[in-house]
Amino acid sequence: MTETGFDGARELAADTGGGRPEVRREPGDLRRVGANPDHWYPLARSRSVRPGRVLPAVFAGERIALFRGRSGAVYALEDRCAHRQVPLSMGVVEGETLRCCYHAWAYRGDGRISQIPYLSKGDGRPPRGVRGYPVREAYGLVFVFPGDPEKAAVTELPDLPAFGVPAYRTMTFSRTVRCHYSFMHENLLDMNHQFLHRGVVGRIRPELLGYTTGPRSVEASYLFTHSGGKRNRGASLLSAGDIRGSDSADLLTIRTEYPYQTLDLVQEGAERPAFRLWAAYVPEDAEQRRCHAYGLLMIEKPRIPGALQLAWPLIRRFTERVFAEDRMAVEAEQRAWDEQGEDRNHEVFPLILDVREVLRANGVPLRPRAAAPGCGQVQ
């Protein structure tokens, strides 16, 4: 007999032979664990936050207004006016301030109110403003720190050593996926699902060479061998096979370093990765059943000048197709969870069991649905 508690943990009753079942408690349902807000999360591409414009964004149900001031700096404010709760993302940028479209209350980049046009000295004291979030721009993305602002200064952005260097060119991805972020971590780490991609990569034999686990990370190494079948032209170009004239085995190193993921592919005998992928999965809704996937794919430039530029459309088409197949699978997993009301997965791969523990240990409890973000909160 199995019973599921309110926290998603399952109690399994097992007959031990003494006439009374022994009850052991499994860890809580990972799909009920929220992403820890005390990290830097990308909420937009830098080019999407245009000068003098406001862009609505969201983190785990918290609506956030991003705007770029005259100086070029990007600011992030709680997306509501402290007056009538009208979204500030509907407002107007004036210099380094954001003015609400309704009664023209103006807010500085830290969320403090700088002006109420019609307020007289004898009128009631206005609220101090709304929440302002720490913001940093890097790698062509706008990162916001949605957690404790005092931790922002001591929390580092992800390190991407291949970004912006002459040897690599970066392809950026930004897509919404209708699933809990943990499904995305599992999908990338568990390379045993290559049957799903047989139509674009042919027959791939993945061999797990080993993996290591720490309190905040899991890293796995696979050997990928192409054993037949039709291989998409973009797949060959991405791993530099056709550009370099080789089709050797590939070594993949995949790492979940909470809350981000990376993947490096190195061809046999190569000195550096043919490509390096960095990914972040940002929960959008309060229940965290939908996330926004941001990816930076840094592809090594071949020795032949202009070869990568010619191959770029084919590589893009290939990666989009692989991502579409992965999205189909993880969204199906989420639908099953929604229908069943719990996680009934029967996972047997130790690597995935370990990454689940890392995600569970570093995550936070999901907020009750009734707790609407931002309501009644002022600085």
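Participant: Any chance you could explain the overall build of the protein here in plain terms?
Facilitator: Within the protein one finds seven helices and 23 strands. When each of the 379 residues of the protein is scored for burial, the buried share is 48%. Considering only contacts within the protein whose residues lie at least 6 apart along the sequence, 60% involve residues at least 24 apart. When the accessible surface of the protein is totalled, it reaches about 19,200 Å², and 51% of it is carbon and sulfur.

Participant: Looking at this structure, I do not really get the packing of aromatic side chains. What am I missing?
Facilitator: Centre-to-centre distance and the angle between the planes together describe a pair of aromatic rings. The tally for this structure, following the rule as stated, stands at six aromatic pairs. Arranged with centres 5.1 Å apart and planes meeting at 35 degrees, the rings of Phe67 and Tyr75 form a pair that is tilted. With 5.2 Å between their ring centres and 75 degrees between their planes, Tyr139 and Phe163 make a pair best called edge-to-face. On the criterion of sequence distance, the pair formed by Tyr139 in the loop between strand 14 (135-138) and strand 15 (141-144) and Phe163 in the loop between helix 1 (149-152) and strand 16 (168-177) is long-range, its members being 24 residues apart. What links up through ring pairs into an aromatic cluster is the set Phe143, Tyr260 and Trp278. Seen from the ring of Phe183, Arg31 lies directly overhead, with NZ or CZ sitting 3.9 Å from the centre. Directly above the aromatic system of Trp312 lies the positively charged group of Arg169, at a separation of 3.8 Å from the ring centroid.

Participant: Looking at this structure, how should I read the packing of helix 2 (residues 181-189) against helix 6 (residues 307-340)?
Facilitator: The geometry of a pair of packed helices is captured by two quantities: the angle between their axes and the separation between those axes. Where helix 2 contacts helix 6, the axes come no closer than 10 Å and their chain directions differ by 130 degrees. In terms of orientation, helix 2 lies oblique with respect to helix 6. With respect to the hand of their crossing, helix 2 and helix 6 are arranged in right-handed fashion. Residues Phe183, Met184 and Asn187 of helix 2 form the contact with helix 6, whose participating residues are Phe323, Asp326, Val330, Glu333 and Gln334. Each residue belonging to the contact of helix 2 with helix 6 can be placed in one class, and the counts come to four nonpolar, two polar and two charged.

Participant: Looking at this model, I keep getting lost on the sheet that holds strand 14. Mind explaining?
Facilitator: One key point about sheets: their strands pair by backbone hydrogen bonds, in either a parallel or an antiparallel sense. With antiparallel pairing, three strands are arranged side by side in an open sheet as 5-15-14. The open sheet terminates on both sides in strands that have one partner only, identified here as strand 5 (41-45) and strand 14. Adjacent strand axes in the sheet meet at a mean angle of 35 degrees when their direction is disregarded.

Participant: Please clarify how the sheet that holds strand 7 (residues 62-68) should be interpreted in this entry.
Facilitator: Strand order in the open sheet made by the four strands is 6-7-8-13, with antiparallel pairing throughout. Strand pairing shows two members of the sheet lacking a second neighbour, strand 6 (54-59) and strand 13 (132-133), which therefore form its edges. Here two bridges tie strand 8 (residues 74-78) to strand 13, and the two strands are oriented antiparallel to one another. Paired with Ala76 across the bridge in strand 13 is Tyr133.

Participant: So what exactly am I meant to see when it comes to the environment of Phe183 here?
Facilitator: Here Phe183 lies in helix 2. For the pair Phe183 and Gln334, spaced 151 residues apart in sequence, the C-alpha to C-alpha distance is 8.0 Å. Non-local contacts of Phe183, meaning those with residues more than four positions away in its chain, are made with Arg31, Val330, Glu333, Gln334 and Asn345.

Thresholds, definitions, all that
- Residues numbered from 1 in each chain as written.
- Predicted model: local features only at pLDDT ≥ 70, side-chain atom pairs only at ≥ 80, totals over all residues.
- Heavy atoms only, no water.
- Helix = DSSP H or I, 4+ residues; strand = E, 2+ residues; numbered from the N terminus.
- Buried < 20%, exposed > 50% of the residue type's maximum accessible area, 1.4 Å probe, protein only.
- Contact = heavy atoms within 4.5 Å.
- Areas by Shrake-Rupley, 256 points an atom, 1.4 Å probe, with all protein chains shown as cover.
- Phe/Tyr/Trp six-rings, centres within 6.5 Å; stacked < 30°, edge-to-face > 60°.
- Lys NZ or Arg CZ within 6 Å of the ring centre and 35° of its normal.
- Axes fitted to C-alpha atoms, helices over the stretch in contact; angles between N-to-C directions.
- Parallel < 35°, antiparallel > 145°, perpendicular 65-115°, else oblique.
- Left-handed = near helix turned anticlockwise from the far one by under 90°.
- Nonpolar A, V, L, I, M, F, W, Y, C, P; charged D, E, K, R; others polar.
- Pairing = 2+ DSSP bridges.

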